[in-house]
Structure formats: structure tokens, C-alpha cells
Amino acid sequence: MIKIERSERLKKLPPYLFVEIDKAKKAAREEGRDIIDLGIGDPDLPTPKFIVDALRKAARDPKNHRYPLDQGLPEFRQECAKWLNKRFGVAFDFENEIYPLIGSKEGIAHIPLAFIDPGDIVLVPDPCYPPYRSGTLFAGGEMLKMPLLEKNHFLPDLKAVNHAQMHKIKMLFINYPNNPTAAVCDKKFLKEAVDFGVKHNIIICHDASYSEIAFDGFKPPSIFEVDGARDVAIEFHSLSKTFSMTGWRLGFAVGNKEIVAALAKVKSNIDSGCFFAIQWAGVAALKNYDKHIRSVLKIYEERRNVLVDGLNSIGWHVEKPKATFYVWTHIPPRYTSAAFAKELLEKCDIVATPGNGFGENGEGYIRFALTVDKKRIREAVERIKRKLQ
Ligand SMILES: *Cc1c(COP(=O)(O)O)cnc(C)c1O
């Protein structure tokens, strides 16, 4: 037997949040308990049939069986460009400004390898989606946390960013609509981020995975709706949430062509692209976006209303989020986030994600994902009322 010793970079990482929660959930299910899972943000809605059909058709064609490599299918990038133009009113060159990803998580986790050397600094929101942190650590970078505070509507205070060596800061991650806080931003904030990036020579990585999951008529902006963004920014898009395709692994990056090219160079040394048939399914998805999206939003909006109205009816104070399929809310002050999540699981058989799992500024909050039907959400509220109040 050899001594198996993990690298320092791996030792530095905490266990991936959802893996831990999944273990606790499985254990509870094995005991035969009726678990309501509001934990991980993974849509319960099936992928629409027209997308599955496009995959079936493409999977039968031997042309699609070979390595997709690098830029992959031109038709997919063309369709991304068309969709971006229709949705945000911005034109992109599909050959140089758009690049397919094996899910946006993959691109997000890899981009620090393109720009970060040991000792360089990445600005990361806190709380945040965990891969901003792990990607930074894998590249040997340092993190400078930007607290997302309720009093600032969960937007980072860029004016407060201060470091003795500002020139060491090379990248900034932002994410709106935001996971986990469900906060949204306007173009004014995105403009501030772009100006900040230009002023300090910092690459802006905008994670727009939830750009299509928004309610009450709100249409989240792309960073490229802002002047100057193309000089400093890359934006990550995902088909996962919009089209309930989390298992398929398809997303794309769009933006400044030098930034895109550097990410492409990293990726071409690591992976060999996304299965062509899945890219064809992505073409079908994006082409039918308008027809598809309305019914999905109606479902999440109803669920949001059931959960928020339900919690408020039992004495909580929760605001209706304008976007994402999460409800991020304060917990009763006598608990820590972890203790409250544990109580929810043990007493109510409900899985939710403790806010501190996303960073220290998430302490005092819990995140509910709207990924079960409204009847089950009603049942969850009922259980909280009976067992925890
Ligand atoms: C779900 C999610 C992603 C990643 O989605 P993919 O399935 O990898 O495309 C990226 N960012 C945030 C904030 C997410 O919640």
C-alpha cells in the first residue's frame, strides 16, 4: 500500500456543499421518512419533449458520434448568438465571442486557470455559488470576499473594495439573478461593475445562469447591455435552469474575444467538448425559447407565491423574490443556519440549504429551492407550522 496523500489545494477545499446535504437526505430516506426536498437547485420539471426528440434524432447520426472538440458545432454557437440578440438586443460574432461549455459550472470553475497565477487575487461574493471559490483555489489564487448584505440589496459594495495591492486583483465574479440570495440587479449596477473593471484592469465574470427565471414581468439584463462591457467581461449562460436540462451539461460563455480565447485554450487541454447530439438539442431548445419559457415561469411563480405567502401566514417575514427558483430568508434568531437546517430535517423531514454553507455572510439565513410541486410546498409550510413554531 502506498500512502495516499491529497494535494494541498484539495486539502484546502471544504467538501462540496450539496454532496454533504445529499448524504443526510439519503440517510433520512433510507429510514423510510417522507422527505420534502427543497435543498439543491435542480428542477423537478422534465426536459421538454421537443428537446429530448432533437437529441434522439441527432444521436442516431454517426456524424455526431465523434469528438466535438473545442468550438464544437457552429450551428449551436449561431443559435446562441441569435438568442442573445433577440433576448438582450446585443450582437455577437459566433466564431470569436461565443464558446460552448459542458454546463456553465465547468466554465466558471476553469476560467481562473486562464488568468490567475499564485498570489493573484479574485473578488468573490459572499455568500456565493461554491465554484467561484474552488476554481480560484485550484488556480492557486487568493480570494477577497465581497460581502452581499441585505442592507445593500445583496449587491457587493465595489467602492469598498480596497487592497494594499490593487494590481494583484485580476478577476471579479458577480451573479445576477443571484444564487443563493435570489437578488436581482439593474443595469446601473452592471455599469458600475464594468467601470470598476476598466479602472482597475479586472476581468468581470458574470454568471447569468438564472437570467431567464424571473417573475412579475421582470427581465434580468445581460452585462453586455452596458457600454464598455465587451472590453472587460465574459458572461456565463446555462441551458440547465431555463430548459430543465441540468443533467445534460450544456451552457456557453460569451464576451470579450481575448477572454473567451483564453478560456478556450484551457478547455481544449482538459476536455474534448460537449456531445454533438446534445449541442443539436441545445439548438432546438434555444429556437423554441419563447414558446417554452412562459409555462415554466408560471409554475415557479405559483410555487414562490405558495411558499412565501405560506411562511408569512405563520408569522415569518419573507419578501417575494423577483427571480431564481429560490427563497432566501432569515431564520428565527434562536438558531444558527446549520442548527435550523438540522431541525428542519429532523423534525419536519424537510431538506433546505443552510445559508452559511455559501459563505459566512449567509449565516442567519436558509435557502429553500422551489423544486417540488405546490402541494408539497404547502405541506412543508404546514409541517413547519406544526413542528417548529
Ligand atoms: C446552477 C448554477 C450554475 C451552473 O449550472 P450548469 O448546470 O453547470 O450550467 C451556475 N451558476 C449558478 C449560480 C447556479 O446556480
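Residues numbered from 1 in each chain as written. Predicted model: local features only at pLDDT ≥ 70, side-chain atom pairs only at ≥ 80, totals over all residues. Heavy atoms only, no water.

Colleague: Quick one: what's the story with the overall build of the protein, residue by residue and with numbers?
Modeller: When you go through the protein residue by residue, the secondary structure sums to 14 helices and 12 strands. Since a compact globule built from 389 residues should have a radius of gyration of about 21 Å, the 21 Å found for the protein is in line with a globular shape. Classification of the 389 residues of the protein by burial places 56% in the buried group. Per element, the accessible surface of the protein, about 18000 Å² overall, is 53% carbon and sulfur. Charge separation in the protein, taken as the distance between the mean sites of 58 positive and 50 negative side-chain charges, equals 3 Å. (Helix = DSSP H or I, 4+ residues; strand = E, 2+ residues; numbered from the N terminus. Rg over C-alpha atoms; globule rule 2.2 N^0.38 Å. Buried < 20%, exposed > 50% of the residue type's maximum accessible area, 1.4 Å probe, protein only. Areas by Shrake-Rupley, 256 points an atom, 1.4 Å probe, with all protein chains shown as cover. Lys, Arg positive; Asp, Glu negative; His and termini not counted. Charge placed at Lys NZ, Arg CZ, Asp CG, Glu CD.)

Colleague: Explain the sheet that holds strand 9 (residues 326–330) to me, and be specific about the residues and the numbers.
Modeller: As summarised here, the arrangement of the three strands in space is 9-12-11, forming an open sheet in which the pairing is antiparallel. Because the sheet does not close on itself, it has two edges, and the strands there are strand 9 and strand 11 (353–354). (Pairing = 2+ DSSP bridges.)

Colleague: I'd like a description of the pairing of strand 8 (residues 251–255), backed by residues and values.
Modeller: Each regular strand shows side chains that alternate between the opposite faces of the sheet. Among the five residues that make up strand 8, five are buried, leaving the element largely enclosed by the rest of the structure. Alternating positions in strand 8 separate into two faces, Gly-251, Ala-253 and Gly-255 on one and Phe-252 and Val-254 on the other, with burial throughout. Across four bridges, the pairing between strand 2 (residues 98–101) and strand 8 is antiparallel. Directly across from Pro-100, in strand 8, lies its bridge partner Phe-252. Inspection of the sheet shows strand 7 (residues 233–238) paired to strand 8 by five bridges, in the antiparallel sense. Looking at the pairing, Ser-238 lines up with Gly-251 of strand 8.

Colleague: Please give an account of the site of the ligand that cites residues and values.
Modeller: The ligand sits among 14 residues. The nearest are Asp-207, Tyr-210, Ser-238, Ser-240 and Lys-241. Between the ligand and the protein, one listed contact pairs a nitrogen atom with a side-chain N or O atom of Ser-209 at 3.0 Å. Looking at the shell around the ligand, the elements that each hand over two or more residues are helix 5 (104–115) and helix 9 (239–242). For the shell around the ligand, the leading source of residues is helix 5, giving three residues. Taken together, the residues of the shell around the ligand sort by class into three nonpolar, seven polar and four charged. (Near = heavy atom within 4 Å. Polar contact = N/O pair within 3.5 Å; in protein donor to acceptor, adjacent residues only side chain to side chain. Nonpolar A, V, L, I, M, F, W, Y, C, P; charged D, E, K, R; others polar.)

Colleague: Explain the domain arrangement of the protein to me, and be specific about the residues and the numbers.
Modeller: The domain architecture assigned to the protein consists of domain 1 (8–46 + 292–387) and domain 2 (66–290). Relative to domain 2, the C-alpha centre of domain 1 lies at a distance of 25 Å. Taken together, the contact between domain 1 and domain 2 spans 33 residues of the former and 40 residues of the latter. Buried area between domain 1 and domain 2, summed over both chains or domains, comes out near 3200 Å², and the portion from carbon and sulfur atoms is 61%. Seen at the junction of domain 1 and domain 2, the total is two salt bridges. Between Arg-304 and Asp-216 there is a salt bridge; the shortest N-O distance is 3.0 Å. (Domains from an automatic or database assignment. Contact = heavy atoms within 4.5 Å. Buried area = accessible area lost by both parts, 1.4 Å probe. Salt bridge = Lys/Arg side-chain N within 4 Å of Asp/Glu carboxyl O.)

Colleague: Before we move on, could you go through unusual backbone geometry and cite the residues and values that matter?
Modeller: Cis peptide bonds are those with omega within 30 degrees of zero, and the linkage from Tyr-176 to Pro-177 qualifies with -10 degrees. Following the sequence through the fold, Pro-177 ends up in the loop between strand 5 (169–175) and helix 7 (187–200). With omega at 10 degrees, the peptide bond leading from Asn-179 into Pro-180 counts as cis. By secondary structure assignment, the location of Pro-180 is in the loop between strand 5 and helix 7. With a phi angle near 65 degrees, Arg-249 is a residue other than glycine that sits in the positive phi range. Positionally, Arg-249 belongs in the loop between helix 9 and strand 8. Phi at Thr-324 is positive, roughly 70 degrees, even though this residue is not glycine. Locating Thr-324 in the fold gives a position in the loop between helix 12 (289–313) and strand 9. Note on Thr-324: relative accessible area 0%, which makes it buried.

Colleague: How would you sum up the environment of Thr-246? Please name residues and give values.
Modeller: As for its placement among the helices and strands, Thr-246 is situated in the loop between helix 9 and strand 8. Sequence separation between Thr-246 and Pro-46 is 200 residues, and the spatial gap between their C-alpha atoms is 9.9 Å. In this view, Thr-246 contacts Asp-42, Pro-43, Ser-240 and Lys-241; residues no more than four positions away in its chain are not counted. Polar side-chain contacts of Thr-246 include one of 2.6 Å to the side chain of Asp-42.

Colleague: Requested: an account of the nonpolar core, with residues and values cited.
Modeller: Judged by nonpolar contacts, the single largest core of 96 residues is most densely connected at Leu-344 and Phe-368. The element best represented in this core is helix 12, accounting for nine residues. In terms of domain composition, this core takes at least three residues from each of domain 1 (8–46 + 292–387) and domain 2 (66–290). If sequence neighbours within four positions are ignored, Phe-368 has contacts with Leu-38, Leu-307, Leu-311, Trp-316, Phe-325, Tyr-326, Val-327, Thr-329, Leu-344, Ala-352 and Ile-384. Counting residues in each nonpolar core, the second largest holds 22 residues, with Tyr-129, Ala-139, Ile-203 and Cys-205 among its members. (Core = buried A, V, L, I, M, F, W, Y, C linked by side-chain atoms within 4.5 Å.)

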